[in-house]
Amino acid sequence: GATAIVLICEGSTFIAGADITEFNRAPEEPFHDEVIARLENSEKPVVAAIHGTALGGGLETALGCHYRVAVPNAKCGLPEVNLGIIPGAGGTQRLPRLIGIEAAVKIIASGVPIGAAEAHKLGLVDELIEGDLLAGALAYAEKLAAEGTPPRRIKDMQATFEGSGEIFKTMRAQLAKVKRGFEAPQRAIDAVEIATQTNIDEGLMKEKEIFYNCLISTQSQSQRHIFFAERKATKIPDVPKDTPVKKIESAAVLGAGTMGGGIAMNFANAGIPVFLTDATQEGLDKGIGIIQKNYASKVKKGKMTQEKMDKVMGLIKPTLDYNDLKDVDIVIEAVFEEMELKREVFGKLDAVCKPDCVLATNTSTLDVNEIAAVTSRPEQVIGLHFFSPANIMKLLEIVRAEKTSKEVIATSFALAKIIRKTAVLVGVCDGFVGNRMVHPYLREAMFLLEEGALPQQVDGALYAFGMAMGPFAMSDLAGLDVGWRIRKRQAATRPKDERYSAIGDKICEMDRYGQKTGAGFYKYEPGNRVPQPDPVVDELVIQESALVGIERKAISDEEIIERTIYALINEGAKILEEGIALRSSDIDVIYVYGYGFPAFRGGPMFYADTVGVKTVYDKVAEFHAQHGKLWEPAPLLKKLAEEGGRFADFGK
């Protein structure tokens, strides 16, 4: 009979984890932990042969085996915390017994997979197999059998846990910062701590209990919603999967400012040669200098080798000559946010670029149809709205104009994947989805200042809610002059009787444009990005209240959250109704990846569903009565509230 057993998987990977769609259903036999127990209790040595990824339940299965071998490019991990849960089939109990608590907590609480070499160093993998995995694993198993090596069961290991109290304390504090507001990483530490206090059977039972409590939590539902929403965003009903895609092998970016430079870095990082152009040699040199500085700081931090930096810098080709762009596959325009300038640029591109070149604009608010109209090929024009800083932020709004071809849309989604962006398709309107919604959010934040709050209180309440930063710190980071320019453009069409706060404009009139000038809503010490409250701004705010005749009063944090977040939701409902976004989950993806909305709340529209659409509607109606027409409830919000519906069911 057999002397040892090798567990190996067909196809491109070992077991990449559970089918997440099954989390909402009752488990079916055979149960995962029973399968793992049978492997572990086998009298013959069992060797797991890992290739591709052993993640989540896949790694837990491998931990039930007695030995593990892997190919050098395999990855192992327990990414459950990213879905708001903890490993539920022994991961928190077996991993610390095998590799010690510090290494185990890092893997489990971060959710980040590790490579096979590191897994080998930690003792998670017993041997790395070069060449054919099956042959290597069989040879390893035969050697075990020949030497009479008995099964080595992790459940029988009693790891030494001296000083574990300190380790747990440090890890908890670190996670409270890095994963602020997320419950699952802290629960994962609870589970690992149990492994240090009890036997495996009791540990497995307690792990299961924590797992189920996490699974039914709003946080986990929200995080799983975002996981699926991101995948759904790439499915466009009228752009079939087999739509031909143009291969992007060369690119050009117009405008070497912060935005253009960041966009050019995305192409270079993906190994695509890119021309970078600007109106002046001075602007071009400055832009290249900033890119160089960005890469150099990565080299200094050890995140990039000098050799890699030289290689990517070599892919960015500065030029002032439009004729250099005649053969590129895509051009992305990132010049000043002014329609006349953009139309002029697109006219030039139309004359120079080859017929099948994708002509993209990075405008954040302007009408893409109007830009496309100056070209002889509007079907090749699309909006690719990157978020600042473009080399870091994950979101890409793909703006479909009236005449944009399906091929150009499919190509843009394929490109997003290559340059590692999370892409969402949106329609044309002022501000598209993200910036159009941020407008009422910022508007309410301003009104709250006039009514009695100060910038640090508004930001503090929204930071505590889970936002990456509050609206005023965010505005300072983005640069206040950008919004000011947009508001000046919109002033002509703003109704005379509409409430408007001039605080932001007055701050700009003082030449305070945010972090880049050392002062905005806050002041900034040289070399320090931490916002410091500024008495000058506080005084300006208080004076403005008196000027517009509002008596200041104490504002609760609860009101700050409702006024700003419900304003987002109400605008989101209008966007859905107008078809500017295909589905509510697309809006959630935009807000989580582009605006720092907490993933553990699932995005603004999913958050409305968890609070209850009727609750949100009632409050919006109350604000409407109190503050006037800007709070008119979106018809869709009203309709869903009356029918007991959810945004999640609107638009597929």
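Since we're looking at a predicted model, the values are computed, not measured. (Residues numbered from 1 in each chain as written. Predicted model: local features only at pLDDT ≥ 70, side-chain atom pairs only at ≥ 80, totals over all residues. Heavy atoms only, no water.)

Peer 1: How should the overall build of the protein be read in this particular structure?
Peer 2: Of the regular secondary structure elements, the protein holds 27 helices and 15 strands. The globule rule puts the C-alpha radius of gyration for 652 residues at 26 Å, and the 28 Å found for the protein is close to it. On the principal axes, the C-alpha backbone points of the protein span a range of 85 × 60 × 50 Å. In the protein, which comprises 652 residues, the proportion classed as buried is 52%. Pairs at least 24 residues apart make up 73% of the contacts formed inside the protein by residues separated by at least 6 positions. Accessible surface, the protein: about 29,100 Å² in total, of which carbon and sulfur atoms supply 54%. Considering the protein, the positive charge centre built from 77 side chains and the negative charge centre built from 89 side chains are found 2 Å apart. (Helix = DSSP H or I, 4+ residues; strand = E, 2+ residues; numbered from the N terminus. Rg over C-alpha atoms; globule rule 2.2 N^0.38 Å. Buried < 20%, exposed > 50% of the residue type's maximum accessible area, 1.4 Å probe, protein only. Contact = heavy atoms within 4.5 Å. Areas by Shrake-Rupley, 256 points an atom, 1.4 Å probe, with all protein chains shown as cover. Lys, Arg positive; Asp, Glu negative; His and termini not counted. Charge placed at Lys NZ, Arg CZ, Asp CG, Glu CD.)

Peer 1: What am I meant to see in the layout of surface pockets here?
Peer 2: Empty space among the atoms becomes visible once a probe the size of a water molecule is rolled across them. Of the pockets and cavities examined, the second largest pocket occupies roughly 440 Å³. Every residue lining the second largest pocket is counted, 20 residues in all, and those nearest its centre are Gln-221, His-225, Phe-228, Phe-606 and Arg-646. Contributions of two or more residues to the lining of the second largest pocket are made by helix H10 (218–232), helix H24 (584–594) and helix H25 (604–611). Looking at which element gives the most residues to the lining of the second largest pocket, the answer is H10, with six residues. A breakdown of the residues in the lining of the second largest pocket according to their chemical character gives six nonpolar, eight polar and six charged. (1 Å grid on protein atoms, 1.4 Å probe; cavity = no way out; pocket = protein on both sides within 12 Å on 5 of 7 lines; lining within 4 Å. Points joined across faces, edges and corners; volume = space filled by probe spheres on them. Nonpolar A, V, L, I, M, F, W, Y, C, P; charged D, E, K, R; others polar.)

Peer 1: Sorry, what's going on with the environment of Pro-273 here?
Peer 2: By secondary structure assignment, the location of Pro-273 is in the loop between helix H11 (258–269) and strand S9 (274–277). The exposure class of Pro-273 is partly exposed, given its relative accessible area of 26%. Put simply, Pro-273 and Ser-110 are 163 residues apart on the chain and 34 Å apart in space, counted from C-alpha to C-alpha.

Peer 1: Sorry if this is basic, but what is going on with the sheet that holds strand S5 (residues 75–77) here?
Peer 2: Hydrogen bonds along the backbone pair up the strands of a sheet, which may run parallel or antiparallel. Strand order in the open sheet formed by three strands is S3-S5-S6, with mixed pairing between adjacent strands. The open sheet has two free edges, formed respectively by strand S3 (53–55) and strand S6 (114–115), since each of these has just one partner strand. Across three bridges, the pairing between S3 and S5 is parallel. When the sheet's bridge partners are listed, Thr-53 is paired in S5 with Lys-75. The sheet contacts of helix H2 (residues 57–64) involve S3 and S5, and relative to S3 the element is tilted by about 90 degrees. (Pairing = 2+ DSSP bridges. Axes fitted to C-alpha atoms, helices over the stretch in contact; angles between N-to-C directions.)

Peer 1: I keep staring at helix H12 (residues 281–300) and nothing clicks. Help me out?
Peer 2: Note: α-helices contain 3.6 residues per turn, so residues at a spacing of three or four share the same orientation. Relative to the 28 Å expected for 20 residues at 1.5 Å per residue, H12 spans 28 Å between its end C-alpha atoms, a close match to the ideal helical length. All buried positions along H12 are accounted for by Gly-283, Leu-284, Gly-287, Ile-288, Ile-291 and Tyr-295. Viewed along the axis of H12, the buried residues span an arc of 130 degrees, placing them on a single side of the element. Facing away from the buried side of H12 by over 90 degrees, the exposed positions are Glu-282, Lys-286, Lys-293 and Lys-300. (Expected span 1.5 Å × (residues − 1). Arc of directions from axis to C-beta.)

Peer 1: For this particular structure, what's the right way to read the pattern of salt bridges?
Peer 2: Two side chains with opposite charge may pair up if their charged atoms get near one another. Evaluation of the coordinates by the stated rule reveals 39 salt bridges. Between Arg-489 and Asp-430 there is a salt bridge, with its nearest N and O atoms 3.6 Å apart. Within this pair, whereas Arg-489 is found in helix H20 (residues 480–491), its partner Asp-430 is found in the loop between strand S15 (422–426) and helix H17 (434–451), the two being separated by 59 residues in sequence. Since its relative accessible area comes to 37%, Arg-489 is described here as partly exposed. (Salt bridge = Lys/Arg side-chain N within 4 Å of Asp/Glu carboxyl O.)

Peer 1: Can you walk me through the side chain of His-385 in this structure?
Peer 2: Here His-385 lies in strand S13 (residues 381–386). His-385 gets classed as buried once you look at its relative accessible area, which sits at 4%. Residues contacting His-385, with those up to four places away along its chain left out, are Thr-361, Asn-362, Thr-363, Ser-364, Leu-395, Leu-396, Glu-397, Phe-432 and Asn-435.

Peer 1: Is there a simple way to think about empty space enclosed by the protein in this case?
Peer 2: Per the counting criterion, the structure on display carries one cavity of 30 Å³ or more. By volume, the largest cavity is sized at about 30 Å³. Every residue lining the largest cavity is listed: Glu-444, Phe-447, Arg-499, His-627, Leu-630 and Trp-631. Considered class by class, the residues forming the lining of the largest cavity number three nonpolar, one polar and two charged.

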